[in-house]
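Chain by chain, the residues run as shown.
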Amino acid sequence: MSVKVFQTEEVQNLLKVAANLEGEKGHARARAITHRLLSDLFKAIDDLDMTPDEVWAGVNYLNRLGQDGEAALLAAGLGLEKFLDIRMDAADRAAHIDGGTPRTIEGPLYVAGAVVRDGISRIDLNEDDDAGPLVIRGTVTGQDGKPVADAMIECWHANSKGFYSHFDPTGAQSEFNLRGAVKTGADGKYEFHTLMPVGYGCPPQGSTQQLLNVLGRHGDRPAHVHFFVTSDKHRKLTTQINIEGDPLIWDDFAYATREDLIPPVVARTGGKALELKTDAYKEIEFDFRLTPLVQGKDNQIVHRLRAVVEA
Ligand code: MBD
Ligand code: FE
């Protein structure tokens with residue numbers, strides 16, 4: 001059976017009334033977006049000749065996705081979050097905004113509310129026998145390369161099991177383990193004392209992994225560290241660095257790896273003097289270069305649902 005009904009008057013009218021496209025009530029933007037998305041779905045059903053069983057499998061999948069609380073995880077895995085970055089990159093190029101540290105996706109695992117420390121913060125609150133010490137440090141600068149004072153750097157990453165505090169299914173971590181925030185002084189410098197992360201994998205029994213399995217894809221990320229960098233006179237930067245040498249570095253299920261976001265990992269000694277758990281430690285130096293406000297405004301503030309915990 002390969003019938004085509006999308007272009008019929010009956011279906012086109014159905015789409016218009018279902019989205020209340022020509023109505024007055026509700027929000028015009030919501031009506032337009034709903035009409036377009038529903039039209040694209042109806043057309044895909046027609047073009048691909050989707051069966052009722054396939055359509056109901058999709059509807060049931062959405063229910064399960066919501067029950068699992070994984071819609072934002074799936075958005076990362078299907079490249080939707082990366083696509084938004086590609087669009088913001090293109091908008092920046094069109095506006096001749098360049099020279100900043102590249103953005104990359106936020107992901108679904110940020111928690112607001114970490115204590116802000118001056119210049120330096122130790123964020124490994126829980127012991128982790130399988131992770132060695134890691135120091136991440138650098139300078140926040142503007143486009144001109146000059147240090148930015150009073151910038152805030154927030155950082156969050158996984159433990160040696162690839163789990164994030166607050167979202168750890170084993171319950172092993174306290175709130176804000178491996179999460180922190182520091183404010184720069186006049187020299188623009190920041191420093192986090194932490195433990196080496198391991199890459200994240202989607203919950204194996206969750207609905208995101210279920211779809212990835214059907215697609216023949218894995219749901220794993222290489223080891224990485226997330227950052228938000230904010231400053232009054234600059235646009236918010238959302239980015240990550242990758243841990244050099246991870247075999248998945250160019251095979252990230254969320255497509256977040258970028259060439260300029262893979263700083264060298266340097267082996268150092270002298271950790272005892274820094275009160276690290278071993279004398280040998282790893283160090284990553286990474287500078288953040290911020291871009292200025294656009295007509296006095298930060299056009300990089302993204303509103304989305306985020307976990308908030310009182311520190
Ligand atoms: C992560 O740690 C992450 O950064 C993303 C984008 C998705 C899932 C887990
Ligand atoms: Fe992450």
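Computed from a predicted model, the values in this text were never measured in an experiment. All chains use their own residue numbering, which begins from 1 and follows the written sequence. Chain letters start at A and ligand numbers start at 1, both assigned in the order the entries are written. Under the rules for a predicted model, residues below a pLDDT of 70 receive no local features and side-chain atom pairs below 80 are neither given nor counted, while totals for whole chains, interfaces and linings still include all residues. Derived side-chain values reflect all non-hydrogen atoms in the structure, with water molecules and hydrogen atoms excluded from consideration.

## Things to note about the overall build of the chain
Here's step 1: Segments assigned H or I by DSSP are reported as helices when at least four residues long, segments assigned E as strands when at least two residues long, and all are numbered from the N terminus. What the chain contains, in helices and strands, is six helices and 13 strands.
Here's step 2: Each principal axis of the C-alpha distribution contributes one length, and for the chain these read about 75 × 45 × 35 Å.
Here's step 3: Whether a residue is buried, partly exposed or exposed follows from its accessible area with a 1.4 Å probe, protein chains only, as a fraction of its type maximum: under 20%, in between, or over 50%, in that order. Relative to its 311 residues, the chain shows a buried fraction of 43%.
Here's step 4: Contacts: residue pairs with any heavy atoms within 4.5 Å of one another. For the chain, the share of sequence-separated contacts (at least 6 apart) that also reach a separation of at least 24 residues comes to 72%.
Here's step 5: Using a 1.4 Å probe, the Shrake-Rupley method yields the accessible areas, and only the shown protein chains count as cover for residues. As displayed, the chain offers around 17200 Å² of accessible surface, 56% of which is attributable to carbon and sulfur atoms.
Here's step 6: Treating the 34 positive side-chain charges of the chain as one cloud and the 46 negative ones as another, the clouds have centres 5 Å apart. For the purpose of counting charges, residues Lys and Arg are taken to be positive, whereas Asp and Glu are taken to be negative. His and the chain ends are not included. Charged side chains are reduced to one point each, which is NZ for Lys, CZ for Arg, CG for Asp and CD for Glu.

## Comments concerning a nonpolar patch on the surface
Here's step 1: Taken together, the side chains of Leu80, Phe83, Leu84 and Ile86 make up a nonpolar region of the molecular surface, amounting to roughly 380 Å² of accessible area.
Here's step 2: Relative to the helices and strands, Phe83 resides in helix H5 (residues 80–94).
Here's step 3: In this structure Phe83 comes out as partly exposed when scored by relative accessible area, which is 45%. Residues enter a patch when their relative accessible area is above 30% and they make no salt bridge; the linking distance is 9 Å between like charges and 5 Å between nonpolar side chains (Val, Leu, Ile, Met, Phe, Trp, Tyr). Within this document, salt bridges are pairs made up of a side-chain nitrogen of Lys or Arg and a carboxyl oxygen of Asp or Glu, the two lying within 4 Å of each other.

## Quick word on the pairing of strand E9 (residues 237–242)
Here's step 1: Of all six residues in E9, six are buried; the element is thus mostly enclosed.
Here's step 2: Of the two faces of E9, the one carrying Leu237, Thr239 and Ile241 and the one carrying Thr238, Gln240 and Asn242 are both buried.
Here's step 3: Counted along the chain from strand E8 (residues 224–230) to the antiparallel partner E9, the turn is six residues long. Two strands qualify as a pair provided that DSSP identifies no fewer than 2 bridges between them.

## Brief notes about the pairing of strand E5 (residues 152–157)
Here's step 1: Across the six residues of E5, five count as buried, placing the element largely inside the fold.
Here's step 2: When E5 meets strand E6 (residues 179–183), the two strands line up antiparallel, connected through five bridges. Bridging from a neighbouring strand, Cys155 pairs with Gly180 of E6.

## A few points about the coordination of the iron ion (ligand 2)
Here's step 1: Atoms are scored as donors when they are N, O or S and lie within 2.8 Å of the metal, with 3.2 Å used for Na, K and Ca; no water is included, so coordination may look incomplete. The iron ion (ligand 2) binds to the protein through Tyr164 (OH), His224 (NE2) and His226 (NE2), with metal-donor distances spanning 1.9 to 2.1 Å.
Here's step 2: On the primary sequence, the residues serving as donors to the iron ion (ligand 2) are separated as Y-x59-H-x1-H. One end of the pair, Tyr164, is in the loop between E5 and E6; the other, His226, is in strand E8, with 62 residues separating them in the sequence. For the residue pair Tyr164 and His226, the accessibility class agrees, reading buried in each case.

## Details of empty space enclosed by the protein
Empty space among the atoms can be located by rolling a probe the size of a water molecule over them.
Here's step 1: We place a 1 Å grid over just the protein atoms. Points where a 1.4 Å probe fits but has no way out form a cavity, open points with protein on both sides within 12 Å along at least 5 of 7 lines form a pocket, and any residue with an atom within 4 Å of a point lines it. Grid points are joined across faces, edges and corners, and a volume is the space filled by probe spheres set on the points. All told, the structure shown has three cavities of 30 Å³ or more when counted by the stated rule.
Here's step 2: Its volume calculated, the largest cavity comes out at about 100 Å³.
Here's step 3: Lining the largest cavity are 14 residues, and of these Gly107, Pro108, Leu109, Arg221 and His226 sit closest to its centre.
Here's step 4: Elements with a minimum of two residues in the lining of the largest cavity: helix H4 (71–77) and E8.
Here's step 5: Only Asp, Glu, Lys and Arg are considered charged, only Ala, Val, Leu, Ile, Met, Phe, Trp, Tyr, Cys and Pro nonpolar, and every remaining residue, Gly among them, polar. When grouped by side-chain class, the residues that make up the lining of the largest cavity number nine nonpolar, three polar and two charged.
Here's step 6: In this model, the second largest cavity occupies a volume close to 50 Å³.

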